[in-house]
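Listed below, chain by chain, are the residues.
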Amino acid sequence: MTAPGLAALNSATKYPSIPTYHRLDPRNGGLIEEPTRFTGDVLLTEKVDGTNGRIVLLPDGDYVIGSREELLHARGDRVHNPALGIVDELKPLADRLRADDAQGGVTVFYLEVYGRKIGGAAKQYTGGSGVGHRLFDVAFLRPEDLDRSLEQISSWRDGGGQDFGDEAALRRIAASEDIPLVPRLATVPGELLPAAVDDMAALLAERLPATRVALDDGAGGSPEGIVLRTPDRSVIAKARFQDYARTLKRRARR
């Protein structure tokens, strides 16, 4: 693939930012009493605190491995970018993925890579040298999605143009390729989700008192938070322990 082609592929497959469940105050980073509105069933999954990795599977069976921002390695490369251990962890998986999942287009597997020396929360997942990965999303691109300028691709991506798989597709692909998913915690009716910041803090503590993806007995075990999403992924938001703890601490000082 040419350099312009790789630039387009990189841009088109970057993972979008997930909004917080309660809106962040731009003035101080605290949470405002404005929750995301969900209707119908809402799936709660663990948000793992590592680094975002992606495997971009092409129709001919070639693949590219990347971090959140850049591509690091392609099938057959003799040298790869060792950034954050992403390639070392994901290459064995990429080598065995089947191109028929791409359905004639490009399939992007989004995985959290976590554990030893990966981010400030590494010790919460391992007391030794353990490294793991969990699949949290999958997207499908058509050839025409890449046949745009970089500016057009960026605007398309930021406008929600990427075609993410729903929960059924994600589970099917995870099962067929034997990829561990981020833990599913519960499914709750959207109308029963907390509206108040302190009530969401209580829900976090109740639903996820400790991480479910510890790699060994020496792990600290403190979780990062929860991702809330509708089964069709039309609405998605994140709730992190630190955001709620910081907000409630600030309020208590007033």
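So, here's what we can say about the structure. (Residues numbered from 1 in each chain as written. Predicted model: local features only at pLDDT ≥ 70, side-chain atom pairs only at ≥ 80, totals over all residues. Heavy atoms only, no water.)

**What about the overall build of the protein?**
In terms of regular secondary structure, the protein is built from 6 helices and 12 strands. In terms of overall dimensions, the protein is globule-like: its C-alpha atoms have a radius of gyration of 19 Å, near the 18 Å expected for 254 residues. Considered along the principal axes of its C-alpha atoms, the protein spans approximately 55 × 40 × 35 Å. Taking all 254 residues of the protein together, 49% fall into the buried category. Taking all contacts inside the protein whose residues are at least 6 apart in sequence as the whole, residues at least 24 apart take part in 71%. If you sum the accessible surface of the protein, you get close to 12,300 Å²; carbon and sulfur atoms cover 49% of it. If the 34 positive side-chain charges of the protein are averaged to one point and the 37 negative ones to another, these points end up 6 Å apart. (Helix = DSSP H or I, 4+ residues; strand = E, 2+ residues; numbered from the N terminus. Rg over C-alpha atoms; globule rule 2.2 N^0.38 Å. Buried < 20%, exposed > 50% of the residue type's maximum accessible area, 1.4 Å probe, protein only. Contact = heavy atoms within 4.5 Å. Areas by Shrake-Rupley, 256 points an atom, 1.4 Å probe, with all protein chains shown as cover. Lys, Arg positive; Asp, Glu negative; His and termini not counted. Charge placed at Lys NZ, Arg CZ, Asp CG, Glu CD.)

**Some words on the sheet that holds strand β4 (residues 51-57)**
Taken in spatial order, the 6 strands make up an open sheet running β6-β5-β4-β7-β8-β9, and their pairing is antiparallel. Two strands lie at the open edges of the sheet, namely β6 (71-74) and β9 (163-164), each paired on one side alone. Bridge analysis of strand β7 (residues 106-115) against strand β8 (residues 131-141) gives 10 bridges, and the strand direction is antiparallel. Paired with G115 across the strands is V131, a residue of β8. Sitting on the sheet, helix α4 (residues 167-177) touches β7 and β8, and the angle it makes with β8 is about 125 degrees. (Pairing = 2+ DSSP bridges. Axes fitted to C-alpha atoms, helices over the stretch in contact; angles between N-to-C directions.)

**Observations regarding the environment of N28**
Here N28 shows up in the loop between β1 (22-24) and β2 (31-35). Remark: the alpha-carbon pair of N28 and S67, spanning 39 residues in sequence, is separated by 29 Å. Looking at N28, its side chain comes within polar contact range of the main-chain nitrogen of G30, at 2.8 Å. (Polar contact = N/O pair within 3.5 Å; in protein donor to acceptor, adjacent residues only side chain to side chain.)

**A closer look at the pairing of β4**
Taken across its 7 residues, β4 has 7 buried, putting it largely inside the fold. Burial along β4 is two-sided: T51, G53, I55 and L57 facing one way and N52, R54 and V56 facing the other are all buried. Here β4 pairs with β7 via 7 bridges, running antiparallel. Each bridged residue has a counterpart across the sheet, and for N52 the counterpart in β7 is E112.

**Brief notes about the side chain of T126**
With respect to the secondary-structure elements, T126 resides in the loop between β7 and β8. Within the local environment of T126, its side chain forms a polar contact with the backbone nitrogen of G128, the two atoms lying 3.0 Å apart. The residues touching T126, leaving out its near neighbours within four places in the chain, are G115, R116, L215, D216, G218 and A219.

**A look at the side chain of E167**
Relative to the helices and strands, E167 resides in helix α4. On the accessibility criterion, E167 (11% relative accessible area) is buried. Among the polar contacts made by the side chain of E167, one reaches the side chain of R171 at a distance of 2.7 Å. In this structure the side chain of E167 is engaged in a polar contact, spanning 2.9 Å, whose partner is the side chain of R184.

**As for helix α6 (residues 241-253)**
Under the 1.5 Å per step criterion, the end-to-end length of α6 is 19 Å for 13 residues, consistent within 8% with the ideal 18 Å. Among all positions in α6, only D243, Y244 and T247 are buried. Viewed along the axis of α6, the buried residues span an arc of 95 degrees, placing them on a single side of the element. Of the residues in α6, the exposed ones pointing more than 90 degrees away from the buried face are K249, A252 and R253. Close packing links the buried residues of α6 with β1, β2, α5 (197-207) and β12 (236-240). (Expected span 1.5 Å × (residues − 1). Arc of directions from axis to C-beta.)

**A word on the pattern of salt bridges**
Where charged atoms of side chains with opposite charge meet at close range, the side chains can pair. Enumeration over the complete set of coordinates arrives at 17 salt bridges. The shortest N-O distance in the salt bridge between E177 and R98 comes to 3.9 Å. Here E177 is found in helix α4, whereas its partner R98 is found in the loop between α2 (86-96) and β7, with 79 residues between them in sequence. Judged by its relative accessible area of 2%, E177 falls in the buried class. (Salt bridge = Lys/Arg side-chain N within 4 Å of Asp/Glu carboxyl O.)

**A closer look at the sheet that holds β12**
Spatially, β10-β3-β11-β12 is the arrangement adopted by the 4 strands of the open sheet, whose pairing is antiparallel. For this open sheet the edge positions go to β10 (184-189) and β12, each flanked by a neighbour on one side alone. When strand polarity is set aside, the average angle formed by the axes of neighbouring strands in this sheet is 25 degrees. Bridge analysis of strand β3 (residues 41-47) against β10 gives 5 bridges, and the strand direction is antiparallel. Each bridged residue has a counterpart across the sheet, and for V42 the counterpart in β10 is V188.

By themselves, these figures tell us nothing about what the structure is for.
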